[in-house]
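Here is how the chains run, residue by residue.
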Amino acid sequence: MSGVNMFRMHGLSIDCEYDRVLKLRAEGPLSHVCKPFIRRMNDRLSKEKPARVDHEQVIASTWLPPIPGEVFKRLIRAEVGIALGKYVPETVSFEITRKCGCDCEHCAMSDGEYELTLDEIKNTIDQALDMGTFVITFTEGDPLLHADLFELIEYIDCDRAIVNIFTPGLEMTPAIASRLKECGLHNLLISIYSTDPSKHDAVRRVDGAFESAIHAIECGLSAGLLVTMSTHVSHDRMHELPLLYDLACDLGVHEFSVWESMDGSLTDDDRSQILEMYHSINRSPGGPRMFANTYFEGEMLGCLAGQRWLHICVDGSIRPCPYMPQTAGNVRDTQLADIWKSIRDDKRFSGKKNWCIAQNPAYTGRADE
């Protein structure tokens with residue numbers, strides 16, 4: 001692969017080259033604008049193993065579109081725009097149903113009863129894509145229980161966005177996994193909270209949830225899907241991370257995704273351990289790649305809420321991320337672009353912040369709690 005153009009505008013051209021490792025190259029009078037982004041990407045591509053390499057496509061992370069490709073071009077366009085001060089919701093997480101076989105205490109599902117109709121969901125997807133979104137993740141409760149999930153995945157233009165789904169895996173079958181692959185699903189995400197089945201089941205509050213999650217992962221891999229084993233880590237679960245990664249290796253998933261728990265229990269030492277594990281794993285051959293928002297948001301990009309991330313609740317209300325308590329509007333009566341503008345006008349979401357906004361009382365309105 002040599003000289004595949006990823007982006008071109010007056011004064012700027014970005015090409016992608018592959019010679020053992022992928023490398024982006026920017027040329028033109030405006031190339032200095034996107035140098036920080038190019039530097040970050042090239043640093044990751046040269047020092048970290050990818051999630052998967054297929055023919056002439058490289059998937060650096062299951063959270064990113066294949067390189068090269070039309071969706072990755074949209075990523076480049078979005079980052080160039082951000083470098084010029086025009087932020088877009090690159091990633092949209094979307095609750096599409098309240099239905100779920102689990103009863104997790106940590107569930108971020110919004111209150112109320114209303115659920116967006118199929119047409120309303122499609123209309124919101126169209127608005128997000130028109131704004132520049134290139135990652136759409138269906139989440140909370142279990143997307144597999146939405147009657148029109150396959151239609152929704154097929155509805156999303158595969159040249160404009162990749163589609164991920166988070167599911168506890170209770171409803172997964174080989175036939176469903178194959179259908180997800182046929183529909184064009186990019187990545188199947190299954191969370192495992194402990195290698196001890198009883199502890200995982202206690203989080204899900206469902207007997208047999210661990211076995212169902214393992215079965216769902218195996219179904220996804222057999223169907224040829226990208227599969228990510230995800231977990232949320234708090235201080236009292238730090239000791240589980242090496243064991244969970246060993247399980248990810250045994251299962252043969254493409255990526256082990258570690259997210260910081262929202263309970264605020266992680267210490268600076270915990271985060272240092274996560275980063276050490278992240279760099280060690282991703283610089284070592286073999287085994288699945290590791291994703292950690294401790295690095296991606298904490299060091300690389302900063303908190304994504306209201307800057308590169310937008311969350312759509314099941315009733316159509318909008319949050320800067322799933323963990324912020326306030327809503328900024330509802331797509332049932334306001335255009336998504338107008339809601340995004342109101343979020344961007346909020347000074348809380350200006351400037352890079354190497355910490356989670358949702359865990360800061362001064363930013364969430366919880367200072368008096």
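Here's a quick rundown of the structure.

Cut-offs and rules
- Residues numbered from 1 in each chain as written.
- Predicted model: local features only at pLDDT ≥ 70, side-chain atom pairs only at ≥ 80, totals over all residues.
- Heavy atoms only, no water.
- Helix = DSSP H or I, 4+ residues; strand = E, 2+ residues; numbered from the N terminus.
- Buried < 20%, exposed > 50% of the residue type's maximum accessible area, 1.4 Å probe, protein only.
- Contact = heavy atoms within 4.5 Å.
- Lys, Arg positive; Asp, Glu negative; His and termini not counted.
- Charge placed at Lys NZ, Arg CZ, Asp CG, Glu CD.
- Pairing = 2+ DSSP bridges.
- Axes fitted to C-alpha atoms, helices over the stretch in contact; angles between N-to-C directions.
- Arc of directions from axis to C-beta.
- Parallel < 35°, antiparallel > 145°, perpendicular 65-115°, else oblique.
- Nonpolar A, V, L, I, M, F, W, Y, C, P; charged D, E, K, R; others polar.

Structural notes on the overall build of the chain
Here comes step 1: When you go through the chain residue by residue, the secondary structure sums to 12 helices and 14 strands.
Here comes step 2: Considered along the principal axes of its C-alpha atoms, the chain spans approximately 60 × 50 × 45 Å.
Here comes step 3: Considering the chain as a whole, with its 369 residues, one finds that 57% of them fall into the buried category.
Here comes step 4: If you take every contact in the chain between residues at least 6 apart in sequence, the share linking residues at least 24 apart comes to 65%.
Here comes step 5: Counting 38 positive and 55 negative side-chain charges, the chain places the averaged centre of each group 8 Å from the other.

Some remarks on the sheet that holds strand β10 (residues 226–233)
Here comes step 1: Pairing is mixed across the open sheet formed by 9 strands, whose spatial order is β12-β11-β10-β9-β8-β7-β6-β13-β14. Only two strands of the sheet have a single neighbouring strand rather than two, namely β12 (289–292) and β14 (318–319).
Here comes step 2: Bridge analysis of strand β13 (residues 309–312) against β14 gives 2 bridges, and the strand direction is antiparallel. Note that in β14 the partner of Ile312 across the bridge is Ile318.
Here comes step 3: The strands touched by helix α3 (residues 118–131) are β6 (91–95), β7 (135–139) and β13; relative to β6, the strand with the most contacts, the crossing angle is about 170°.

Examining helix α6 (residues 197–204)
Here comes step 1: Those residues of α6 that sit buried are His200, Asp201, Val203 and Arg204. Seen end-on, α6 carries its buried residues on one side only, within an arc spanning 155°.
Here comes step 2: Among the structural elements, β9 (187–191) and α7 (209–222) are those in contact with the buried residues of α6.
Here comes step 3: The positive-phi residue at the C-terminal boundary of α6 is Arg205, with phi of around 60°.

Structural notes on the packing of α3 against helix α11 (residues 336–344)
Here comes step 1: Put simply, α3 and α11 touch, their axes get as near as 9 Å, and they point 55° apart. Taken together, the axis directions place α3 and α11 in an arrangement best described as oblique. Along the contact surface, α3 presents Thr124, Gln127, Ala128 and Met131, while α11 presents Leu336, Ala337 and Trp340.
Here comes step 2: Taken together, the residues that form the contact of α3 with α11 break down as 5 nonpolar, 2 polar and no charged.

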